[in-house]
Amino acid sequence: MNLVFLGPPGAGKGTIASQAKVQYDIPHISTGDLFRNHIKHETELGKQVKAILSRGDLVPDSITIAMVKERLAEDDAKKGFILDGFPRTIIQAEALEGMTTLDAVVNFKLGREEIIKRLSGRRMCKSTGRIYHLIYDPPKKEGLDDETGEPLMQRDDDKPEAIAHRLDVYLEQTEPLIAFYKEEGLLVDIDASHSPDTVMAELVSVLK
Ligand code: AMP
């Protein structure tokens, strides 16, 4: 199954993708994770995009499209994939059409207030990549990763100024994709305001 997860930052696309990849036995390809990995390993690409991610701006289409094209050409993506965070612009969506065909585009719907609440409480362990939430999914010991005991950090782009900017970028550049994919008959809406288990159950049901 070839899927795209579309929706504003903080809608839970990554959380649901990490369950759905097991359910459907397909890789979860998050462009945000791919970029963060480059930054962590200080690759050329990582150095190029670090400041862009911190500000909450979009990485230029040409760079992002090339990275996704390479990732989709890997063996594990032949059986299907979940693209999380790509495409984010119409140009990226058109480029994706030239790479593969899609079975569905899942639109995670969530209101602005809830988005801000979710993003501002998000914390992350840098080395394991595990995501927590101060209210919804706190670590066992405050401020520390359950597994490694390392201090949790807040993504630069989850800080208040960057959150507001990312939402504006989403509305301006990414939201038009809803109409784009509706027109293609690929769009399915899901209500992302519920708990992960409920959202996952709705996903399975709409994909049947
Ligand atoms: P995410 O983890 O999906 O919220 O992505 C984090 C950041 O990575 C975004 O704010 C952008 O700076 C960058 N990024 C991720 N996916 C894309 C994309 N498809 N196009 C451009 N920039 C992206």
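A quick note: this is a predicted structure, and the numbers were derived from the prediction, not measured.

Trainee: Can you walk me through the pairing of strand S1 (residues 2-6) in this structure?
Mentor: Side-chain positions along a regular strand alternate between the two faces of the sheet. Across the 5 residues that make up S1, a large majority, 5, are buried. Bridging between S1 and strand S3 (residues 81-84) involves 4 bridges; their strand directions are parallel. Paired with Leu3 across the strands is Ile82, a residue of S3. Taken together, the 4 bridges between S1 and strand S4 (residues 104-109) define a ladder with parallel strand orientation. Each bridged residue has a counterpart across the sheet, and for Val4 the counterpart in S4 is Val105.

Trainee: What is the right way to read the layout of surface pockets from this model?
Mentor: Of the voids in this model, the second largest pocket is the one considered here, and its volume is about 170 Å³. Forming the boundary of the second largest pocket are Pro8, Asn107, Phe108, Lys109, Leu110, Arg112, Ile115, Leu167, Tyr170, Leu171, Glu175 and Ile178. Split by residue class, the lining of the second largest pocket holds 8 nonpolar, 1 polar and 3 charged.

Trainee: Looking at this structure, I do not really get helix H7 (residues 160-174). What am I missing?
Mentor: Because the α-helix completes a turn every 3.6 residues, residues three or four places apart line up on one side. In this model H7 runs 20 Å from its N-terminal to its C-terminal C-alpha over 15 residues, within 8% of the 21 Å that 1.5 Å per residue would give. If you check which residues of H7 are buried, you get Ala162, Ile163, Arg166, Leu167, Val169, Tyr170 and Thr174. The buried residues of H7 all sit within an arc of 160° when viewed along its axis, so they share a single face. Of the residues in H7, the exposed ones pointing more than 90 degrees away from the buried face are Pro160, Glu161 and Glu172.

About the cut-offs
The residue numbering used here restarts from 1 in each chain and proceeds along that chain's sequence as written. Per-residue local features are limited, in this predicted model, to residues with pLDDT of at least 70; the limit for side-chain atom pairs, both in listing and counting, is 80 or more; totals at the level of whole chains, interfaces and linings are taken over all residues. Side-chain metrics rest on all non-hydrogen atoms present in the structure, leaving aside hydrogens and water. Per-residue accessibility, obtained with a 1.4 Å probe over protein chains only, is compared with the maximum for each type, and a residue is labelled buried under 20%, exposed over 50%, and partly exposed between these values. Helix and strand definitions here come from DSSP, where helices need a minimum of 4 consecutive H or I residues and strands a minimum of 2 consecutive E residues; each element is numbered from the N-terminal end. Each pair of strands is called paired provided DSSP finds at least two bridges between the two strands. Every definition here rests on a 1 Å grid over the protein atoms only: cavities are sets of points where a 1.4 Å probe fits but cannot get out, pockets are open sets enclosed by protein on both sides within 12 Å along at least five of seven lines, and lining residues have some atom within 4 Å of a point. Grid points are joined across faces, edges and corners, and a volume is the space filled by probe spheres set on the points. Each residue gets one label: Ala, Val, Leu, Ile, Met, Phe, Trp, Tyr, Cys and Pro are nonpolar, Asp, Glu, Lys and Arg are charged, and the others, such as Gly, are polar. One fewer than the residue count of a helix, multiplied by 1.5 Å, yields its expected span. Directions drawn from the helix axis to the C-beta atoms are what define this arc.

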